[in-house]
Amino acid sequence: MRKVNIICLTAIMGLAVGCSKNELKNSVVDGTKLNTSNNTGISLVASPVGDVVGKIVVGYQGWFSATGDGSPNNHWVHWAGNAGGIAPYPAHQTFELWPDVREYTTTYQTGYAALGNGQPAKLFSPWDAQTVNTHFLWMQQYGIDCAALQRFGKGNTQLDGIATRVMNAAQTYGRKFYVMYDISGWTNFQTEIKTDWTNDIVGTLNLTSSTAYAKQNGKPVVCIWGVGVSGRPGNVTSWTDVINYFKTQGCYVIVGGPRDWRTQTANLPAFTAANMVMPWATGSFNGVAGADSYVPTLTADFAYCNSNNMDYQAEAFPGFAWSNWNGGAPNQIPRLHGDFLWEQFANIRNQGIPNVYVGMFDEYDEGTAIAKAAEDVSMIPTNQYFLTLDADGTHVSSDFYLRLANDGAQMIKGITPLVWSHPTQHVLGGYLDHCDATTGWLSANTLSVNTSDKKEGTGSLQAVGSGTDEFKKTFSAFNTGATAANGSIDFWYYVSDVTKFSASNQIELGSGGGPDVNEYNWSIGTVVNGWNHIVKTFSSAGTTGGTPNLNAINWFRIYHAKTASITTKVDAIQILH
């Protein structure tokens, strides 16, 4: 979504910080009526907690497609523009942040060289239902309450198909969603938006009939983004007409506008006609000091909305860059390994604002996505620059910003106290072994390091033969930081020919220094030829010889009986929680 306010950056950076960082007098607690005073004396008076008020909302684009994905587009869109279906390749791309695609079952080959870890450079398409399901599963796992589905102009088979996939995924994973119309470039929005809502959204697609469709104050939620934004169509008359139309349809109406919306005197009737205002902040400040410079705007916005019986939704963003698409410096607004986004969350909480919109979930184009992304150069093509999550010198896991958003939401809701340094661990658990060397490893087969076919680091462990014991090692005691309830083992496992496996197999992890002592064990399960991503939770494990001590793990083994010689590999053994 091209909702960037980069032109404001220089001016905003010059503002003085005008807030004191004091804890709220009273916490905002999820599930209670929001009528809480903060350190400025402002009180919430408009709406109780619903599907938007008191919740964390993320913007969801769903606008990517790829040649061969079976979509109505059926060519590369947003990864590489609309250049006749040509796959993105070096110097021909429109996105900045490379996604972590390991959890998608279907991906599409690009024109880039292989990733640093040797894997092919592939990208996803939301036309595959599994992609959207994966995104909403992440929302469920990481405490994101609601997604604002972006809708660019009146419906077509592509937009409608994505909307249906979003509805189904939200229902499956217990999330809420609502339609967020972006009027950018939509000359006839005043009439066409009404028809689209009545005929497509409510009629043909039946989105508002879904149990997952967001409601606030008992009303279906709709957002119109672009009101008062430079370069967007319309005026106060057409915007107010559209807002009032949706209100007559029984909707709760959110208006997305620029950060200076309160000073647009001529347009204020449109803003005050809405139920909620969400000013766009992305790109308008930089760094922790810049985030603090935005606090007087938050304060004044919130006070204005309270005095006009309106709800206020603050927007926060993790960072920004679009050098691969629109020029500018790489890593233009650095993420600061979470410090930048967290400062925004803390300022929102400190003002007593009970809800936040994170822009965005899957905006890889402008580098603002919080969805899983490449951690380092091992996860991006070797022949093209892309932003990685370690760009500021600290390695973080691909899901770090999802976990950070979850922690921020808990703080903003008042479930956890206000803190000014984020509590989110950069990497959970850690690597039991990177599998970059054979040191300490034993096998019944010929063991080596494969440096050309790997998933992480500089290599993978490779075993060739027909022996049952494939990989085993006794470690120095490793403190996983996990519990039996929240921990899991995560690694990559390669098989050259699954037809040569016999039934007997097991994964073992323990603290007894060898087999069958204080050990977790699992069946490997169904695998396919090639690399398999194996994730086993401790809660699903069998135990042998007592209960493992998760603070002192020192044993790992994979064994699998075989009928003939095959090649197996293992890489990136992690303990997660």
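The paragraphs below set out a description of the structure included in this document. Note that this is a predicted model, so its numbers are computed, not measured.

Parameters and conventions
- Residues numbered from 1 in each chain as written.
- Predicted model: local features only at pLDDT ≥ 70, side-chain atom pairs only at ≥ 80, totals over all residues.
- Heavy atoms only, no water.
- Helix = DSSP H or I, 4+ residues; strand = E, 2+ residues; numbered from the N terminus.
- Rg over C-alpha atoms; globule rule 2.2 N^0.38 Å.
- Buried < 20%, exposed > 50% of the residue type's maximum accessible area, 1.4 Å probe, protein only.
- Contact = heavy atoms within 4.5 Å.
- Areas by Shrake-Rupley, 256 points an atom, 1.4 Å probe, with all protein chains shown as cover.
- Lys, Arg positive; Asp, Glu negative; His and termini not counted.
- Charge placed at Lys NZ, Arg CZ, Asp CG, Glu CD.
- Phe/Tyr/Trp six-rings, centres within 6.5 Å; stacked < 30°, edge-to-face > 60°.
- Polar contact = N/O pair within 3.5 Å; in protein donor to acceptor, adjacent residues only side chain to side chain.

## With respect to the overall build of the protein chain
Part 1 of the argument: For the protein chain, the helix and strand inventory stands at 11 helices and 24 strands.
Part 2 of the argument: Here the C-alpha atoms of the protein chain give a radius of gyration of 25 Å, agreeing with the 25 Å that 2.2 N^0.38 yields for 577 residues.
Part 3 of the argument: Overall, the C-alpha framework of the protein chain stretches about 80 × 55 × 45 Å when taken along its three principal axes.
Part 4 of the argument: Burial statistics for the protein chain: of 577 residues in total, 60% are counted as buried.
Part 5 of the argument: Put simply, of all contacts in the protein chain between residues at least 6 apart along the chain, 74% involve residues at least 24 apart.
Part 6 of the argument: About 19,600 Å² of surface is accessible on the protein chain, with carbon and sulfur atoms providing 50% of the total.
Part 7 of the argument: With 34 positive and 44 negative side-chain charges, the protein chain shows a separation of 5 Å between the mean positions of the two kinds.

## Observations regarding the packing of aromatic side chains
Part 1 of the argument: Evaluated as defined, the whole model comprises 44 aromatic pairs.
Part 2 of the argument: Ring centres 6.0 Å apart and planes at 45 degrees place the aromatic pair Y60 and F361 in the tilted group. Of this pair, Y60 sits in strand 1 (residues 56-60) while F361 sits in the loop between strand 12 (356-358) and helix 11 (400-412), placing them 301 residues apart in sequence. As far as the burial class goes, Y60 and F361 line up, both buried.

## Digging into the side chain of E508
Part 1 of the argument: The topology assignment puts E508 in strand 19 (residues 501-510).
Part 2 of the argument: According to the relative accessible area criterion, E508 is buried, its value standing at 1%.
Part 3 of the argument: For E508, the side chain forms a polar contact with the side chain of Q506, separated by 2.9 Å.
Part 4 of the argument: Here W555 takes part through its side chain, which lies 3.2 Å from a polar atom of the side chain of E508.
Part 5 of the argument: What E508 contacts, discounting residues up to four positions off in sequence, is P515, E519, Y520, N521, W555, F556, R557 and Y559.

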